[in-house]
Amino acid sequence: VTKVIELAEQEGIARNFAKKAIEHLRNEGMLFEPRPGFVKKAWFLVISLVLSIDDLPIPPKAIAILKAEDISTLYPPQEDAIKKGLFNRKNLVLSVPTASGKTLVAELAIIKNLFEARGKCLYLVPLRALASEKYNEFKKYESLGYRVGITTGDYDTTDEWLANYDIIVSTNEK
């Protein structure tokens, strides 16, 4: 069980989620005495359970912001991103349909990055209208003390003022 919890932490899954998952598996009679392959099987069962927003390794205030938007569980592509190392700064490419949760994956990475004071975050979009929409959407994180900026348009202008922002929304041509 300790090894499974260590694996969970290495993969960026909160310790309390791993413990709850193991307890659930134990109550369902799915865990048994350790033997060869036990850790691998237990780990597979832990990550196969649906992750709750409460179980993510992000600040409680950020969880409250997400819950205020009625986000309580994750879609499968979002879970997959976490399982593949989203919270461990792994490079990921999400190729999933519209409305499948790509923005939330980016938001989770942004929150984790800023929470660990690792620097600025850049969110790129193809259209100015979408940049404006995401800028307004990300303003919710200003309640956590982060500054959100937007820049669109000409690629040959300089935007030194963006140095004052934590989350920067930009169009690809910028």
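For the structure, see preceding data.
Q: What is the right way to read the packing of aromatic side chains from this model?
A: Given two aromatic rings, their pairing is described by the distance between the two centres and the angle made by the two planes. The tally for this structure, following the rule as stated, stands at 2 aromatic pairs. Ring geometry for Tyr123 and Phe138: centres 4.9 Å apart, planes at 85°, overall edge-to-face. Linking Tyr123 in strand S1 (residues 121-125) with Phe138 in helix H7 (residues 128-138), this pair joins segments that are 15 residues apart in sequence. What makes Phe138 buried here is its relative accessible area of 1%. Judged by centre distance (5.7 Å) and plane angle (90°), the rings of Trp161 and Tyr165 are edge-to-face. Overall, the relative accessible area of 39% leaves Trp161 in the partly exposed class. Given the relative accessible area of 17%, Tyr165 is considered buried. Positioned over the ring face of Tyr165 is Arg147, at 4.4 Å from the centre of the ring.

Q: Please explain the side chain of Gln78 as it appears in this structure.
A: Looking at the element boundaries, Gln78 is found in helix H5 (residues 76-83). Residue class for Gln78 comes out buried when judged on its relative accessible area of 3%. Looking at Gln78, its side chain comes within polar contact range of the main-chain oxygen of Gly101, at 3.2 Å. Once residues within four sequence positions are removed from consideration, Gln78 is found in contact with Ser100, Gly101, Leu104 and Val105.

The rules behind the values
Going along each chain's sequence as written, the residues are numbered from 1 onward. Only residues with pLDDT of at least 70 are given local features in this predicted model, and only at 80 or more are side-chain atom pairs given and counted; all residues enter the totals for whole chains, interfaces and linings. Hydrogens are left out, water is left out, and the side-chain values use all remaining heavy atoms of the structure. In this scheme Phe, Tyr and Trp rings, the latter by its six-membered ring, pair at centre separations within 6.5 Å, and the angle between planes marks the pair as stacked below 30 degrees, edge-to-face above 60, and tilted otherwise. Under the scheme used here, helices are H or I runs from DSSP no shorter than 4 residues and strands are E runs no shorter than 2 residues, and both carry numbers assigned from the N terminus. Per-residue accessibility, obtained with a 1.4 Å probe over protein chains only, is compared with the maximum for each type, and a residue is labelled buried under 20%, exposed over 50%, and partly exposed between these values. Cation placement over rings: the criterion is NZ of Lys or CZ of Arg within 6 Å of the ring centroid and within 35° of the ring normal. Whenever a nitrogen or oxygen atom comes within 3.5 Å of another N or O atom, the pair is scored as a polar contact, on the condition that within protein one atom can donate a hydrogen and the other can accept it, and that pairs from neighbouring residues in sequence are kept only if both atoms are in side chains. Should any heavy atoms of two residues lie within 4.5 Å, those residues are considered in contact.

On their own, these measurements won't tell you what the molecule is for.
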